[in-house]
There are 2 protein chains.
Amino acid sequence: VQALFFGLGSDGTVGANKASVKIIGESTDLFAQGYFQYDSKKSGAVTVSHLRFGPEPIRSTYLVEDADFVACHQFGLLGRTKILEHAKKGATFLLNAPYGPTEIWDHLPADVQRLLRDKEIDFWVIDALAVADEAGMGSRINTVMQPCFFQLAGILPPAEAISRIKGFVEKTYAKRGEAIIARNFAAIDHSLERLAHVTLGAVADDLPAATLVADGRPDFVARVTARLMAGEGDQLPVSAMPADGTFPSGTTKYEKRAIAQMIPVWDQAICIDCGKCAMVCPHATIRMKVFPTAAVEGAPPEFLHKEFRSRELPDHRLTIQVAPDDCTGCGVCVDVCPAKSKTDTSHKAINMEPVAAHRDVERVRWDFFQSIPPLDRSLIAHDTVKGSQVLEPLFEFSGACGGCGETPYLRLATQLFGDRMIVANATGCSSIYGANLPTTPWTVNAEGRGPAWNNSLFEDNAEFGLGMRLALDAQTDHARRLVEKLAPALGTEMVDGLLGATQDTEADIVLQRERVDRLRQALEQVDGPLASDARHLLALAGDLVRRGVWIIGGDGWAYDIGFGGLDQVLSSGRNVNILVLDTEVYSNTGGQSSKATPRGAVAKFAAAGKGTAKKDLGAIARSYGNVYVAQISMGANDLQTTKALLEAEAWPGPSLVIAYSTCIAHGIDMSKSMTHQKDAVKSGYWPLYRYRPSETEDGKPFKLDSNAPSIPIADFVATETRFAVLQRTQPERAAELAALAQADADERWRYYEQLADVERTVPHIHRPDPEIVPEVESDAGYRYEREGDGA
Amino acid sequence: VQALFFGLGSDGTVGANKASVKIIGESTDLFAQGYFQYDSKKSGAVTVSHLRFGPEPIRSTYLVEDADFVACHQFGLLGRTKILEHAKKGATFLLNAPYGPTEIWDHLPADVQRLLRDKEIDFWVIDALAVADEAGMGSRINTVMQPCFFQLAGILPPAEAISRIKGFVEKTYAKRGEAIIARNFAAIDHSLERLAHVTLGAVADDLPAATLVADGRPDFVARVTARLMAGEGDQLPVSAMPADGTFPSGTTKYEKRAIAQMIPVWDQAICIDCGKCAMVCPHATIRMKVFPTAAVEGAPPEFLHKEFRSRELPDHRLTIQVAPDDCTGCGVCVDVCPAKSKTDTSHKAINMEPVAAHRDVERVRWDFFQSIPPLDRSLIAHDTVKGSQVLEPLFEFSGACGGCGETPYLRLATQLFGDRMIVANATGCSSIYGANLPTTPWTVNAEGRGPAWNNSLFEDNAEFGLGMRLALDAQTDHARRLVEKLAPALGTEMVDGLLGATQDTEADIVLQRERVDRLRQALEQVDGPLASDARHLLALAGDLVRRGVWIIGGDGWAYDIGFGGLDQVLSSGRNVNILVLDTEVYSNTGGQSSKATPRGAVAKFAAAGKGTAKKDLGAIARSYGNVYVAQISMGANDLQTTKALLEAEAWPGPSLVIAYSTCIAHGIDMSKSMTHQKDAVKSGYWPLYRYRPSETEDGKPFKLDSNAPSIPIADFVATETRFAVLQRTQPERAAELAALAQADADERWRYYEQLADVERTVPHIHRPDPEIVPEVESDAGYRYEREGDGA
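None of the values given here were measured: they were computed from a predicted structure.

What about the sheet that holds strand β11 (residues 316-322) of chain B?
All names here are of chain B.
Logical step 1: Read across the open sheet, the 3 strands follow the order β9-β11-β10; overall the sheet is antiparallel. Looking along the sheet, the strands with just one partner apiece sit at the ends: β9 (286-292) and β10 (306-307).
Logical step 2: For β10 and β11, the ladder comprises 2 bridges, and the chain directions are antiparallel. In the sheet register, Lys306 faces β11, and the bridge partner there is Leu318.
Logical step 3: Here helix α10 (residues 355-371) sits on the sheet in contact with β9 and β11, set at roughly 130° to β11.

Examining the packing of aromatic side chains
Logical step 1: This model, assessed by the stated rule, comprises 52 aromatic pairs over all chains.
Logical step 2: Consider the rings of B:Trp366 and B:Phe369, whose centres lie 5.9 Å apart with planes at 20°: the pair is stacked. Of this pair, B:Trp366 and B:Phe369 both sit in helix α10, separated by 3 residues, roughly a single helical turn. The same class applies to B:Trp366 as to B:Phe369, namely buried.
Logical step 3: Each residue in the set A:Tyr689, A:Phe702, A:Tyr751, A:Tyr752, B:Tyr689, B:Phe702, B:Tyr751 and B:Tyr752 is aromatic and connected to the rest through ring pairs, giving one cluster.
Logical step 4: It is B:Lys289 that lies over the ring of B:Phe369; its NZ or CZ is 4.7 Å from the centre.

So, the pairing of β11(B)
Residues and elements named next belong to chain B.
Logical step 1: Of all 7 residues in β11, 6 are buried, a share of seventy percent or more.
Logical step 2: Summarising the sheet, β9 and β11 pair through 7 bridges and their orientation is antiparallel. Its bridge partner being in β11, Arg287 is matched across the sheet by Gln321.

What to know about the confidence of the model for chain A
Atomic detail in the predicted coordinates should be set aside for any region of low pLDDT.
Residues and elements named next belong to chain A.
Logical step 1: Per-chain confidence: chain A averages 90 in pLDDT, with 94% of residues scoring 70 or above.
Logical step 2: Segment residues 208-212: pLDDT under 50, and 8 contacts once partners within four positions in sequence are set aside and those in other chains are kept.
Logical step 3: The ipTM, which scores confidence in the relative placement of chains, is 0.80 for this predicted complex, and the corresponding pTM is 0.84.

A word on the nonpolar core
Logical step 1: One finds A:Ile578, A:Leu656, B:Trp557, B:Ile578 and B:Leu656 to be the most contacted residues of the largest nonpolar core, which totals 97 residues.
Logical step 2: Setting aside chain neighbours within four positions, we find A:Ile578 in contact with A:Ile551, A:Trp557, A:Leu566, A:Val569, A:Leu570, A:Ser655, A:Leu656 and A:Val657.

Some words on the sheet that holds strand β4 (residues 67-72) of chain B
All names here are of chain B.
Logical step 1: Spatially, 7 strands are ordered β2-β3-β1-β4-β5-β6-β7 in an open sheet, and the strand pairing comes out mixed. Bordering the open sheet on either side are β2 (31-37) and β7 (196-198), each of which pairs with just one other strand. Across the sheet, the mean angle separating the axes of adjacent strands is 20° when strand polarity is ignored.
Logical step 2: Direction of pairing for β2 relative to strand β3 (residues 46-54): antiparallel, over a ladder of 7 bridges. Looking at β3, one finds that Ala32 is bridged to Phe53.

Points about the pattern of salt bridges
Logical step 1: Within the structure shown, the criterion is met by 78 salt bridges over all chains.
Logical step 2: Of the charged contacts, one joins B:Arg690 and B:Asp705 as a salt bridge, the two residues approaching to 2.7 Å between their closest N and O atoms. Placement of the pair is B:Arg690 in strand β19 (residues 689-691) and B:Asp705 in the loop between β20 (702-704) and α24 (713-717), with a sequence separation of 15 residues. This pair shows no difference in class: B:Arg690 is buried, exactly as B:Asp705 is.
Logical step 3: Bridged by salt links that share partners, the residues A:Arg377, A:Arg420, A:Glu506, A:Arg546 and A:Glu649 form one connected network.

With respect to the packing of helix α17 (residues 506-525) of chain B against helix α18 (residues 531-540) of chain B
Residues and elements named next belong to chain B.
Logical step 1: Contact pair α17 / α18: the axes reach a minimum separation of 9 Å and the direction vectors enclose 155°. The angle between α17 and α18 places the two elements in the roughly antiparallel class. By crossing handedness, the relation of α17 to α18 is classed as left-handed. The segment α17 lies against α18, with Leu519, Arg520, Leu523 and Glu524 engaging Ala534, Leu537 and Leu538.

Details of the packing of helix α1 (residues 13-27) of chain A against helix α5 (residues 158-172) of chain A
Residue and element names in this part refer to chain A.
Logical step 1: Contact geometry of α1 with α5 gives a least axis separation of 10 Å together with a crossing angle of 120°. Relative to α5, the element α1 lies oblique. As for how α1 packs across α5, the hand of that crossing is right-handed. Packed against α1, whose contacting residues are Ala19, Lys22, Ile23 and Ser27, the element α5 presents Glu160, Arg164, Ile165 and Phe168 at the interface.
Logical step 2: Of the residues in the contact of α1 with α5, the class split is 4 nonpolar, 1 polar and 3 charged.

Some remarks on the environment of A:Glu695
Residues and elements named next belong to chain A.
Logical step 1: Within the secondary structure layout, Glu695 lies in the loop between β19 (689-691) and β20 (702-704).
Logical step 2: With a relative accessible area of 66%, Glu695 lands in the exposed category.
Logical step 3: For the pair formed by Glu695 and Gly245, sequence separation is 450 residues and the distance between their alpha carbons is 43 Å.

What to know about helix α20 (residues 563-570) of chain A
Logical step 1: Burial analysis of α20(A) places 7 of its 8 residues in the buried class, which makes it a mostly covered element.
Logical step 2: Along α20(A), the residues classified as buried are A:Phe563, A:Gly564, A:Gly565, A:Leu566, A:Asp567, A:Val569 and A:Leu570.

A look at the environment of A:Gln640
All names here are of chain A.
Logical step 1: With respect to the secondary-structure elements, Gln640 resides in helix α22 (residues 638-650).
Logical step 2: Distance in space between the C-alpha atoms of Gln640 and Asp705 is 7.4 Å, their sequence separation being 65 residues.
Logical step 3: In this view, Gln640 contacts Gln631, Ile632, Ser633, Leu688, Tyr689, Arg690 and Asp705; residues no more than four positions away in its chain are not counted.

Side note on α5(A)
All names here are of chain A.
Logical step 1: A rise of 1.5 Å per residue sets the reference length of α5, with its 15 residues, at 21 Å; its end C-alpha atoms lie 21 Å apart and thus fit the reference within 8%.
Logical step 2: Three or more residues of α5 are buried, namely Ala161, Ile162, Ile165, Lys166 and Val169. Buried residues of α5, viewed axially, fall in a sector of 130°; they line one side. Looking at α5, the residues exposed on the side facing more than 90 degrees away from the buried face are Ala159 and Lys171.
Logical step 3: If you follow the buried residues of α5, they end up packed against α1, α4 (142-153) and α6 (178-194).

What counts and what doesn't
- Residues numbered from 1 in each chain as written.
- Chains lettered and ligands numbered in written order.
- Predicted model: local features only at pLDDT ≥ 70, side-chain atom pairs only at ≥ 80, totals over all residues.
- Heavy atoms only, no water.
- Pairing = 2+ DSSP bridges.
- Helix = DSSP H or I, 4+ residues; strand = E, 2+ residues; numbered from the N terminus.
- Contact = heavy atoms within 4.5 Å.
- Axes fitted to C-alpha atoms, helices over the stretch in contact; angles between N-to-C directions.
- Phe/Tyr/Trp six-rings, centres within 6.5 Å; stacked < 30°, edge-to-face > 60°.
- Buried < 20%, exposed > 50% of the residue type's maximum accessible area, 1.4 Å probe, protein only.
- Lys NZ or Arg CZ within 6 Å of the ring centre and 35° of its normal.
- pLDDT = per-residue confidence, 0-100.
- Core = buried A, V, L, I, M, F, W, Y, C linked by side-chain atoms within 4.5 Å.
- Salt bridge = Lys/Arg side-chain N within 4 Å of Asp/Glu carboxyl O.
- Parallel < 35°, antiparallel > 145°, perpendicular 65-115°, else oblique.
- Left-handed = near helix turned anticlockwise from the far one by under 90°.
- Nonpolar A, V, L, I, M, F, W, Y, C, P; charged D, E, K, R; others polar.
- Expected span 1.5 Å × (residues − 1).
- Arc of directions from axis to C-beta.

Shown next, in the form of structure tokens:
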């Protein structure tokens, strides 16, 4: 028996199939084989389980090509992924769908209908989501689908199969408590009741075949990206690959994964224009635009907008819009929305609704929304939440988990500086969702400007970014020397303007870009002996505009594997911005303990709860004096987050921003990700501060941005499974570690309060140090004569 | 013309010859070639310069085998190194010797006399040391020998040669001031006056041939080490090399380099028994022994001893003894000696005297001194300077520079714990002088116990040492389990004694060793079903005794290249002792700036003076809470140094000891190395402290061990060339950096004073954390189900 199962990462399909292989291998005389295909997308990626069973030893290689049994655990995959293509004639097909046996046929894509008929498939349907939901399992449908497989495949007698499945559930969830087991049992018991046979209908010739890639796609996307997405990468010729490995950015928007079951829907009557929903969205799928009233002329009637309340921008409208096919349905936006209906406080300005009822109209709205040009960046204050969210994000629709705590920081950074960012990205979650071949969430604005991005190794990312900085600085120096040399041809005014420009603010940078445009025009005209220099400068002119290097990675990189280099780069005095997305654990590789893991948390390699305290990375950086250091948490204080990123970018020396990032590894309800961050700060678990080596209003570099702790650490950590599991399994050790953690937090808070009072006596040097450049003339300095060299 | 020059590292021979090659190449039509041989010994290693000049292009390979001209710049090399073996018949030989042309012949080894006669050598002699000394050049004889070479080789007219040499000196020392140049000129001008021709005498058959290796050498030393020392390594068969790369330790004592011109001589009438001379000796060549009066029965009449003033040990004598052939003559012992003659305060209890006048008698004394057994370790307090210096050093006669600031810390550590040390040594000076093939300064005591030593890579030394710790712990666990299993054969008393032993103090460890000896005897008797376990335990019995892992390296390793690993090991909670020999610069590779280099110091890659502050490694380690951290300086407080090492070893978690190590790279008078360290502490440049996570008397972990700064930082740093050179070349920048350095030091001191008042509220866990061992049962802990894994 050969079986194929199509699921989505996180729906439990792979886990259930692994269990099935074990059950069959252990309780029958059959041989069993299982192979599981999945990619590096954090959520919503297709998983394929290949299972084989039989009385003879199985020597087949892994992929199943003629399946006796095919299951599709996600209705949305139908028509987007080749599923029935792999079924034998007469095979059994099990589909999870939100439609009953009589309705389902008319909701199938035409090519699926055709395959079902051509292959004479035995077709079964179940609304597994409904069963799981009723059993209190949320969207985890694995224990619903598994009994259906055993029922239809007939490998074990049905009663024995159910008993084996339950035994497995009991073993797996023993440590997680009775309630979890009871819910799984309920789901198992009700699954077969809802399994229904479907009579094949006629093929509807008028239903369009599903398209995988959105319209309007560029040539490369059509030729390469789309085929990779369709799983046809093996068939592409090598010549289709970019010779230098550079992939076009901004391609996630062509994916249209449509994985959400529920999406946020806007009620403009209640909205208070705060921008918080857009601020926290991990996938940049809920957006805010402000535009002149005239912009909605010609809008489709479905398009929603409201008055924008602003004295500076009268006669402007505001729209909050979801991208319905890109949203993952995580619900974080709704959780943070502060605007509630006066008559029904459960109704907010945005509310999660079933996607089926809203997708079509939201697609129309999204299309028009996209056609409205973004507001001029100079018309709005960037250092406010509302203002920042009117700016265009240049990081969108990544493959990060629903509710990801990391991605909102990246998206916000691209809104503030995206058109001049160069990113060195350490290996980890952010390098995976940051360039999840074949698509890239980093994108460009209408002028074609956007972040340049690269990933080197886990262990050298800080050095990699420092190299980018040194290269940019060298190119800028070279370009400036050429400008000086070309002064006779360019004229004093242009030369002085270019070389004397301050580039501290974004407005300064816009002016410098205009000067560079005029320079380029002038260079085109240069001939005679300076013509060759002019051509050279044409290639380097862009380097006269300041760009920001961002060195980005997780705590596994920053606290552990890349720490030696990070420390070296901090000590260099160079103008780099380091952003640490701190999930306190190696999230990408499955939850190994890092030096950022807090005391008492359970992680891999810390099965008994980590005994030592979280490393104080900020203190290490502050000890250099000339490093800007901020500890931030968007959910706790989105305004402080925004200010910290702006200050870090503006500081001409090294900056380190440590961003608290909630993660599925913490064992929390990810739809409450931002509320959880607020509690972390309230308890003193994650204090907020900014250490500013620049001149400050009051001469005090250390600014404490959160209030004195008001709830015990223990109350906060009890809400995370990684801590709670230790309280259940080793209550004494948990209590001991919790007491130490509380003492640490108390001591730290007292220390921070003292630190906030300290004035600096001598200002820090913030120009980059000359010494990182190897001396050209070794006689220039002091040389000691080492014995043994005989010198 | 082919010329060969034999010198010692640091005497300037190689530098002068490089200059000669340039002078001849640039000012004549001759072609020139120079090749320079030297090894990794820090001082006192032979250097050989091979020079060729001629009217035709030179295509010879490097080594000169038939020299027209041979110079021996160090009298001591004669008879120990093959020198005249490489001379042509009739060649010219120039010898630097403390004897005039009429006396010299009788001071030559017989085989040298024979070669001079057989080869009909034109023999010249000069007392270059006397000329250099008179010119104020100390022992730097290069500018004395160089004019003699030009005079005798006749390549340039003498007047032109002198003028060229002076030109070169002027260029080389331009930045170091007029005085240096004037001294060099004086040395040059007086050199030829003292050059004298020697008439060859008769070969004295009764003079013994010089021996290279001391008597009583073990077989391996005779077969392998001695031949490597004699420069015959290329002729050894591969089979002579140890198959596993393990070399015997304790072999430097067979070298007898006899490189000192002056050695310390003891005046027992003035000595006050303080032990400071032995404490500071970088080469363990001045030693203190205390012994019962009966031990001197049969002593040669030359042997000196005095009453040992001690109530606990009446009727004991004390001797301070130099090893005359191992001493480098650095003079540090005399500098620190606090006991002065009442009638002549320039006369101390030890005084530097010319070696020629004292070698013979000191050899006799040293031989007898060695025959006296060391005092029982339990009879003396280890936590005093005097007590520690009565303990036998197990690190001796290394190839470190004369006056080295690092080696006294290593020697002291071996006195305190040498018989149970396992050393992971990072690459750097300490790995070079620590295993300078063919000899090793790490040695063993009479029982054959001594440090085991290894060197892995620059970048992984901390991890290397952690691995040693984990391996030892695993072996101990295994041995303990075997003891339990063998209880029926061993009896309850023995088993309980072995497993229940505390091993906190050295006395505890001695008792445990005795238990292990009894265990071994008992195991020999075991037969029957447990015999195989007994044999297994016999191999592991030594692992029941606690051993200490020492992770050792310089600042280049600890602050830079190995810092990521060092930080990881500190965070592990494991019982390792990390000793950082902080010279504030990459000393071994020639003085590159490290993150330990202080603000304002000139180094390679910091030619304009380092602009950023020294990294605060101690603060980083203290932030973990459960790490013992000490900052020490032997010259400033030898008692605190001793206590810190003892506390670090006793603390069952990680320890970090940062030891201020004066170095030739600082540009100071190395004979005043320890006095300089005292000034560093007085100025607040190097505060002393101990951070103790263990329970302390007053509940305060941070103990400040030095007084408030009493001299300005600027006054202190002005005494080091690495700072002074910047004051001369870039006074404004030097002043700016000095102001910042003073502000940093002031802030740090205020912070330390506060820190010293802080009490700890909750004691730190100091048992090792279990988490570093990978979990065997992955279901044991909390597992989160990562999306994308599909689990």
